Amino acid sequence: MRLVFAGTPETALPSLRALIDSPRHEVVAVVTRPDAQSGRGRKVHPSPVAQLAEESGIEVLRPAKASDPAFQERLREIGPDCCPVVAYGALLPQSALDIPRHGWINLHFSILPAWRGAAPVQHAVLHGDEITGACTFQIVKELDAGPVYGVVTEEIRPTDTSGELLERLSISGAGLLAATLDGVEDGALEARAQPLDGVSYAGKIGVDDAHADFTAPAMRVDRLVRACTPNPGAWAEFRGQRVKLGPVRLAPEGERLAPGEILASKKSVLVGTATHPVELSDVQAQGKRVMSAVEWARGVRLAPEDRLG
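Residues numbered from 1 in each chain as written. Predicted model: local features only at pLDDT ≥ 70, side-chain atom pairs only at ≥ 80, totals over all residues. Heavy atoms only, no water.

*Asks:* Sorry, what's going on with the overall build of the protein here?
*Replies:* Looking only at helices and strands, the protein features eight helices and 17 strands. Burial status across the protein gives 49% buried among its 309 residues. Sequence separation of at least 24 residues holds for 65% of the intrachain contacts in the protein that already meet a minimum separation of 6. On the protein, roughly 15300 Å² of surface is accessible, and the fraction owed to carbon and sulfur atoms is 50%. Distance from the positive charge centre (33 side chains) to the negative charge centre (39 side chains) of the protein: 7 Å. (Helix = DSSP H or I, 4+ residues; strand = E, 2+ residues; numbered from the N terminus. Buried < 20%, exposed > 50% of the residue type's maximum accessible area, 1.4 Å probe, protein only. Contact = heavy atoms within 4.5 Å. Areas by Shrake-Rupley, 256 points an atom, 1.4 Å probe, with all protein chains shown as cover. Lys, Arg positive; Asp, Glu negative; His and termini not counted. Charge placed at Lys NZ, Arg CZ, Asp CG, Glu CD.)

*Asks:* Even after reading the chapter, I still don't get the nonpolar core, so can you show me in this structure?
*Replies:* Looking at soluble globular proteins, one finds that nonpolar side chains tend to be buried together. Phe-5, Val-30, Phe-214 and Leu-308 are the most contacted members of the largest nonpolar core, which totals 65 residues. Broken down by element, the residue count for this core peaks at seven residues, all from helix α6 (residues 162-186). Those residues in contact with Val-30 that lie beyond four places of it in its chain are Phe-5, Leu-16, Val-49, Ala-53, Ile-58, Glu-59, Val-60 and Leu-61. Grouped together as the second largest cluster of nonpolar side chains are 23 residues, Val-4, Ala-6, Val-28 and Tyr-88 included. (Core = buried A, V, L, I, M, F, W, Y, C linked by side-chain atoms within 4.5 Å.)

*Asks:* Sorry if this is basic, but what is going on with the pairing of strand β7 (residues 104-108) here?
*Replies:* Consecutive side chains along a regular strand alternate between the two faces of the sheet. For β7, the buried fraction is high: five of the five residues fall into the buried class. Burial along β7 is two-sided: the residues Trp-104, Asn-106 and His-108 and Ile-105 and Leu-107 are all buried. With three bridges joining them, strand β6 (residues 83-86) and β7 adopt parallel strand pairing. Following the sheet pairing, Cys-83 is matched in β7 by Trp-104. The pairing of β7 with strand β8 (residues 131-138) spans four bridges and is antiparallel. Following the sheet pairing, His-108 is matched in β8 by Cys-135. (Pairing = 2+ DSSP bridges.)

*Asks:* Is there a simple way to think about the pattern of salt bridges in this case?
*Replies:* Should their charged atoms come close, side chains of opposite charge can pair. Counted under the stated rule, the structure contains 16 salt bridges. Of the charged contacts in the structure, one is a salt bridge between Asp-182 and Arg-24, with a shortest N-O distance of 3.9 Å. Highlighted residues: Asp-182 in helix α6 and Arg-24 in the loop between α1 (13-21) and β2 (26-31), separated in sequence by 158 residues. With a shortest N-O distance of 2.8 Å, Glu-59 and Arg-74 are connected by a salt bridge. (Salt bridge = Lys/Arg side-chain N within 4 Å of Asp/Glu carboxyl O.)

*Asks:* Would you mind going over the environment of Ala-118 with me for this structure?
*Replies:* Within the fold, Ala-118 resides in the loop between β7 and α5 (120-126). Ala-118 sits in the exposed class, given a relative accessible area of 64%. For the pair formed by Ala-118 and Gln-37, sequence separation is 81 residues and the distance between their alpha carbons is 21 Å. If near-sequence neighbours (up to four positions away) are discounted, Ala-118 is found in contact with Ala-202 and Lys-204.

*Asks:* In this structure, what is going on with the sheet that holds β6? I would like to understand it.
*Replies:* Either a parallel or an antiparallel arrangement is found when strands of a sheet pair, and the pairing is made through backbone hydrogen bonds. Across the sheet, which stays open at both edges, the seven strands sit in the order β5-β2-β1-β6-β7-β8-β9 with mixed pairing between neighbours. Of all the strands in the sheet, just β5 (59-61) and β9 (148-155) have a single pairing partner and so form its edges. On average, adjacent strands in this sheet sit at an angle of 20° to one another, irrespective of strand direction. Summarising the sheet, strand β1 (residues 2-7) and β2 pair through five bridges and their orientation is parallel. Bridging from a neighbouring strand, Leu-3 pairs with Val-27 of β2. Packed onto the sheet, helix α2 (residues 48-55) meets β1, β2 and β5 and runs at close to 155° relative to β5. Each of β1, β2, β5 and β7 is contacted by helix α3 (residues 69-78), which is oriented at about 150° to β5, the strand it contacts most. (Axes fitted to C-alpha atoms, helices over the stretch in contact; angles between N-to-C directions.)

*Asks:* Honestly, the sheet that holds strand β10 (residues 234-238) in this entry has me stumped. Any pointers?
*Replies:* Taken together, four strands build an open sheet; the order of strands is β10-β11-β16-β17 and the sheet is antiparallel. Each having just a single partner strand, β10 and β17 (291-292) make up the two edges of the open sheet. Pairing of β10 with strand β11 (residues 241-245), which is carried by five bridges, proceeds in the antiparallel orientation. Looking across to β11, one finds that Phe-238 is bridged to Gln-241.

*Asks:* Got a minute to help me understand the packing of α1 against α2 in this structure?
*Replies:* Between α1 and α2, the least distance of the axes is 10 Å, while the angle of their chain directions is 20°. Classed by the angle they form, the pair α1 and α2 counts as roughly parallel. Here α1 runs over α2; the crossing is right-handed. Residues Leu-13, Leu-16 and Arg-17 of α1 lie in contact with α2, whose contacting residues are Pro-48, Val-49 and Leu-52. Residue composition of the contact of α1 with α2, by class: five nonpolar, no polar and one charged. (Parallel < 35°, antiparallel > 145°, perpendicular 65-115°, else oblique. Left-handed = near helix turned anticlockwise from the far one by under 90°. Nonpolar A, V, L, I, M, F, W, Y, C, P; charged D, E, K, R; others polar.)

*Asks:* Help me understand the packing of α1 against α6 in this model?
*Replies:* For any two helices packed against each other, the geometry comes down to the angle between their axes and how far apart the axes lie. Their axes nearest at 8 Å, the elements α1 and α6 cross at an angle of 40°. It follows from the interaxial angle that α1 and α6 lie oblique. Along this stretch, α1 crosses α6, giving a crossing that reads as right-handed. Packed against α1, whose contacting residues are Pro-14, Ser-15, Ala-18 and Leu-19, the element α6 presents Ser-170, Ile-171, Gly-173, Ala-174, Leu-177, Ala-178 and Leu-181 at the interface. Of the residues in the contact of α1 with α6, the class split is eight nonpolar, three polar and no charged.

Function cannot be inferred from these measures alone, as they are strictly geometric.
Spelled out as structure tokens, the structure:
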């Protein structure tokens, strides 16, 4: 099939590479978000998907909106049989969905209908799910509600951050997407409607949502920090300033500390919660580099009244 691939971040690269390498299909163009500022100098850079496409000699379309008439006209000229989508990051109007004869097929990183929306992996970690996965489904107007072609599952490990889990899912999901497109071309796959029960939504997790609350139980703090690693990055306040937190470890239940109370030794830094303490790993104070929690505590010269919160 002639494919126009839609995607933007690094998460989409395994799928794009798999389709470029596929002997059964041809990626004739990609659709991605417009170039954006990033890095320390806030220079404008193309998206990871755009970079890979340009390196591979593939046409890149960067519409500000998928409803742009010029973009849709170019898509009709290209004449794709199908448009696979991985983390594109923009809504698709019905007028665009109607262009390819096999529609737009999305790779979504949850087991639908659970965790429809922008941040399924983060919410799976945050809510303590033991199993997640990825689905391929036909995009329809309603958010992530289209019929499903295929599923892969993935265990969520006790120490998984959302970044680590998403990396594994992006690789296994790439194989699922390629197999789905093969099945669509053969006419061997039939998409099946999602169950009406079990629908949940995974809204975007912003910086304010990533505030670690040490009055919560230790398990909740652990899940929040892992869910927000690497983005948007969990944080807490110390002496009126934000400090960014790397993943924490659940400390033995013998030690008792008040919520936010800090106990530092030569080997560890513990912080109290509503239950038992958590052990900090990495810390990044504002304007500083990432450092071990032990190094950070030594540098700030902790006072008995200091709290993290």
